[in-house]
2 protein chains.
Amino acid sequence: MSRQRLLIARSAAGMHGAFTVEELHRSAQDVVPGLGVATTYRAVAAMAGCGTLAVVGEREGRTLYVWCANGEHHHHLICTDCGRVAGIDCPLPEGDAFASARRVGFTVTRHDLTLYGLCDTCREDGER
Amino acid sequence: MSRQRLLIARSAAGMHGAFTVEELHRSAQDVVPGLGVATTYRAVAAMAGCGTLAVVGEREGRTLYVWCANGEHHHHLICTDCGRVAGIDCPLPEGDAFASARRVGFTVTRHDLTLYGLCDTCREDGER
DNA sequence: GTAGGTGCAAAGGATTTGCTTAAAC
DNA sequence: GTTTAAGCAAATCCTTTGCACCTAC
């Protein structure tokens, strides 16, 4: 692994909440001056491919990612105000989860779930 | 509502499974020769805004939509082979669904869930 | 040594926007 | 009559790609 990829990964791990490629790139440039955009895009693609980054929606046309070292199956909860992210266990009931899927003849192989809401800080700010 | 929007909506309703804007546009052009791409994009934005269309992922950089006349809260199950779509009830347990969310101080306001799998036809084709 | 990564700049391509004309109500 | 949308083309802008050079192993 190259120095750049390592430092990009470290920057990603240090991001607060969800981020765009552009934001990650800016952050990584603090540590790697002259870092090319393409390099960041390629690093993001690699990390997304191996599950180290996860897509959690988009903001104004830009894909949002989160650092996601935890390899277990889980989902993300995004604060719609500040972008803070929390990982949560899969809340889908195990066994008969997809009864309605079976009813229509489908076999479920994968699912994407993302929760949106307000973190405690932003909720309090809102009430103020 | 203009003739074009009506016919675009009708085309969307008639699409088999998930579709891109481009595919919808081609389909709508069969009924509205000379239809502009921008018109289709604007119609899609309007329909997505009022919930008549739902986003269900993407294919090669193009956003995938499904026709979604059912106003009730529900989710979609997409066949990864043929793109066929089935609407399903929300499988998230009502009451204590988001215990882990509360545990991290979040209030959940919204969630996106999309299931992927194989429809009966494609599963049988695969086994053959 | 060689396979994979980097930087730069140019290309690609989906989506949006400005503007004028035309249809809806 | 006004407001809303259509159609066309140009612009936008995120993302990818080609290429020559360099770094990791």
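Placed above this text is the structure.
Residues numbered from 1 in each chain as written. Chains lettered and ligands numbered in written order. Predicted model: local features only at pLDDT ≥ 70, side-chain atom pairs only at ≥ 80, totals over all residues. Heavy atoms only, no water.

Peer 1: Any chance you could explain the overall build of chain A here in plain terms?
Peer 2: Of the regular secondary structure elements, chain A holds five helices and five strands. Listed N to C, the secondary structure of chain A is α-α-α-β-β-β-β-α-β-α in terms of helices and strands. Oriented by its inertia axes, the alpha-carbon framework of chain A measures out at about 55 × 45 × 25 Å. Looking at chain A as a whole, 41% of its 128 residues are labelled buried. For chain A, long-range pairs separated by at least 24 residues make up 48% of all intrachain contacts whose partners lie at least 6 apart in sequence. Seen as two clouds, the 13 positive and the 15 negative side-chain charges of chain A have centres 8 Å apart. (Helix = DSSP H or I, 4+ residues; strand = E, 2+ residues; numbered from the N terminus. Buried < 20%, exposed > 50% of the residue type's maximum accessible area, 1.4 Å probe, protein only. Contact = heavy atoms within 4.5 Å. Lys, Arg positive; Asp, Glu negative; His and termini not counted. Charge placed at Lys NZ, Arg CZ, Asp CG, Glu CD.)

Peer 1: Mind showing me how you'd approach the pairing of strand β2 (residues 62–67) of chain A here?
Peer 2: Consecutive side chains of a regular strand alternate in pointing toward one face of the sheet and then the other. As paired elements, strand β1 (residues 53–59) of chain A and β2 of chain A share five bridges and run antiparallel to each other. By the bridge assignment, Ala 54 of chain A is partnered in β2 of chain A with Val 66 of chain A. (Pairing = 2+ DSSP bridges.)

Peer 1: Any chance you could explain the sheet that holds strand β3 (residues 74–79) of chain A here in plain terms?
Peer 2: Note: strands within a sheet are paired through backbone hydrogen bonds, in either parallel or antiparallel orientation. Strands sit in the order β4(A)-β3(A)-β5(A)-β5(B)-β3(B)-β4(B) across an open sheet of six strands; the sheet is mixed. Strands at the two margins of the open sheet, each flanked by one partner only, are β4 (85–89) of chain A together with β4 (85–89) of chain B. Going across the sheet, the axis of each strand differs from the next one's by a mean of 25°, ignoring polarity. One ladder, built from five bridges, connects β3 of chain A with β4 of chain A; its direction is antiparallel. Along β4 of chain A, the bridge assignment pairs Leu 77 of chain A with Ala 86 of chain A. (Axes fitted to C-alpha atoms, helices over the stretch in contact; angles between N-to-C directions.)

Peer 1: For this particular structure, what's the right way to read the environment of Ile 78 of chain B?
Peer 2: Tracing the backbone through its elements, the reader meets Ile 78 of chain B in strand β3 (residues 74–79). Note on Ile 78 of chain B: relative accessible area 6%, which makes it buried. When the C-alpha atoms of Ile 78 of chain B and Arg 5 of chain B are compared, they prove to be 26 Å apart, with 73 residues separating the residues in sequence. Among residues more than four places away in sequence, those in contact with Ile 78 of chain B are Phe 106 of chain A together with Val 56, Gly 83, Arg 84, Val 85, Thr 114, Leu 115, Tyr 116 and Gly 117 of chain B.

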